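Coordinate inspection notes
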Amino acid sequence: MKDFRRYLVLKYIQYLVLSSSNTISTLLGVLGSGYVMLILQSSRVSSKSTAVFISSLAKADLLIFVSAAAELFLWTSSAAVPHTAFTPALLQNLLTANTHISVLLLSCVAVEAYLITFFPMESRSLRTVRNAGLTSRAIWLLVAAECTLLQADDVLKASGTSPSCSPGVWLLHLSSGAAALLRALSCLLGILLRTVNVYIYYKIFFSVSNRSAVRTK
């Protein structure tokens, strides 16, 4: 559990404290995810809802690995592989998917910690492995749908749809409008989740501090 706590602290710093991930934090995060995935294979790790969220969080870093490997491949074979509008947009959207999945999963861990601290008995029926698995899968599906829309919008913009083709123009306008709305909502949701996470851990910290102070008296 100490390793899991360190890993979660690293991930919170990477996604919820830093305004944007840098190379060092991203590399440390990927290495930490690899280490956590190895730990989760151990029989000593009990199957709990928190472990499900952490496992899904570690798997999200596979998107960074795929994006980096694809970019390296394109760089080393730039002469042989033709570059299209699809490729750079896809690589960027893989990183976007990683960020959004990670932030949502970290928020799930924070909510679970809040429930454990303040409503341990009442929330026991909610904090199950099954519910954690369903929530994780729902997050992956929603983010996949989001990035599919963003990918389609990026490709349509880069392809330069001809104004003479009215169906193409309508499709471009619809895709651009939906993508712009989605980006705005993602930005607002990111700010909201950062605020909620700070509030949750603020409440947990002072609750634990007060309990410790009462015990020492």
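Per an unreviewed UniProt entry, the protein is named G-protein coupled receptors family 1 profile domain-containing protein, and its organism is Pavo cristatus. Per UniProt, the protein has the following entry under Subcellular location (unreviewed entry): "Membrane".

A few words on the packing of helix 3 (residues 49-60) against helix 4 (residues 62-76). Packed helices, taken two at a time, are described by the angle their axes make and the gap between the axes. Their axes nearest at 4 Å, the elements helix 3 and helix 4 cross at an angle of 5°. By the criterion of interaxial angle, the relationship of helix 3 to helix 4 is roughly parallel. Taking contact as the criterion, the partners of Ala58, Lys59 and Ala60 in helix 3 are, on helix 4, Leu62, Leu63 and Ile64.

Let us now look at the packing of helix 2 (residues 23-40) against helix 3. Put simply, helix 2 and helix 3 touch, their axes get as near as 9 Å, and they point 140° apart. The angle between helix 2 and helix 3 falls in the class oblique. Helix 2 and helix 3 meet at a crossing whose hand is left-handed. Every residue of helix 3 that contacts helix 2 at Ser33, Val36, Met37 and Leu40 is listed here: Ala51, Ile54, Ser55, Ala58 and Lys59. Considering only residue class, the contact of helix 2 with helix 3 consists of six nonpolar, two polar and one charged.

Between the first and last C-alpha of helix 3 there are 17 Å, a value that for 12 residues agrees with the 16 Å anticipated at 1.5 Å per step. Burial analysis of helix 3 places nine of its 12 residues in the buried class, the great majority of the element. Turning to helix 3, its buried residues number three or more, namely Ser49, Ala51, Phe53, Ile54, Ser55, Ser56, Leu57, Ala58 and Ala60.

Attention now goes to the nonpolar core. In this structure, Leu8, Tyr12, Val36, Ile101 and Leu106 are the most contacted members of the largest nonpolar core, which totals 33 residues. Residue assignment for this core shows that the elements contributing at least two residues are helix 1 (2-17), helix 2, helix 3, helix 4, helix 5 (86-118), helix 6 (129-159) and helix 7 (166-216). At nine residues, the largest contribution of residues to this core is made by helix 5. Setting aside its immediate chain neighbours within four residues, Leu8 contacts Ile54, Leu57, Leu106 and Val109.

Let us look at the pattern of salt bridges. Summed over all chains, the structure comprises three salt bridges. Residues Arg6 and Asp3 are paired through a salt bridge, measuring 3.0 Å at the closest nitrogen-oxygen approach. Here Arg6 and its partner Asp3 are both found in helix 1, three residues apart, which amounts to about one turn of the helix. Under the relative-accessibility criterion, Arg6 is labelled exposed at 54%. For Asp3, a relative accessible area of 31% gives the class partly exposed.

This part covers the side chain of Ser56. In this fold, Ser56 is placed in helix 3. Residue classification places Ser56 among the buried positions, given a relative accessible area of 9%. Leaving out residues up to four positions away in the same chain, Ser56 has contacts with Leu105, Ser136 and Trp140.

So, about the side chain of Ser107. By secondary structure assignment, the location of Ser107 is in helix 5. On the basis of relative accessibility, which here comes to 9%, the residue Ser107 falls in the buried class. When residues no more than four places from it in sequence are discounted, the contact partners of Ser107 are Leu193 and Asn197.

One pass over the structure, following the stated rule, counts five aromatic pairs. Seen from their ring centres, Tyr114 and Phe118 are 4.7 Å apart, and the 45° between their planes marks the pair as tilted. Of this pair, Tyr114 and Phe118 both sit in helix 5, four residues apart, which is roughly one turn of that helix. Note on Tyr114 and Phe119: the rings are 6.3 Å apart at their centroids and 55° apart in plane angle, and the pair reads as tilted. According to the relative accessible area criterion, Tyr114 is partly exposed, its value standing at 23%. A relative accessible area of 37% places Phe119 in the partly exposed class. In textbook terms, an aromatic cluster arises when at least three aromatic residues are bridged by ring pairs, as seen for Tyr114, Phe118 and Phe119.

Procedures and definitions
Residues numbered from 1 in each chain as written. Predicted model: local features only at pLDDT ≥ 70, side-chain atom pairs only at ≥ 80, totals over all residues. Heavy atoms only, no water. UniProt positions renumbered as here; feature names shortened; annotations may be inferred. Axes fitted to C-alpha atoms, helices over the stretch in contact; angles between N-to-C directions. Helix = DSSP H or I, 4+ residues; strand = E, 2+ residues; numbered from the N terminus. Parallel < 35°, antiparallel > 145°, perpendicular 65-115°, else oblique. Contact = heavy atoms within 4.5 Å. Left-handed = near helix turned anticlockwise from the far one by under 90°. Nonpolar A, V, L, I, M, F, W, Y, C, P; charged D, E, K, R; others polar. Expected span 1.5 Å × (residues − 1). Buried < 20%, exposed > 50% of the residue type's maximum accessible area, 1.4 Å probe, protein only. Core = buried A, V, L, I, M, F, W, Y, C linked by side-chain atoms within 4.5 Å. Salt bridge = Lys/Arg side-chain N within 4 Å of Asp/Glu carboxyl O. Phe/Tyr/Trp six-rings, centres within 6.5 Å; stacked < 30°, edge-to-face > 60°.

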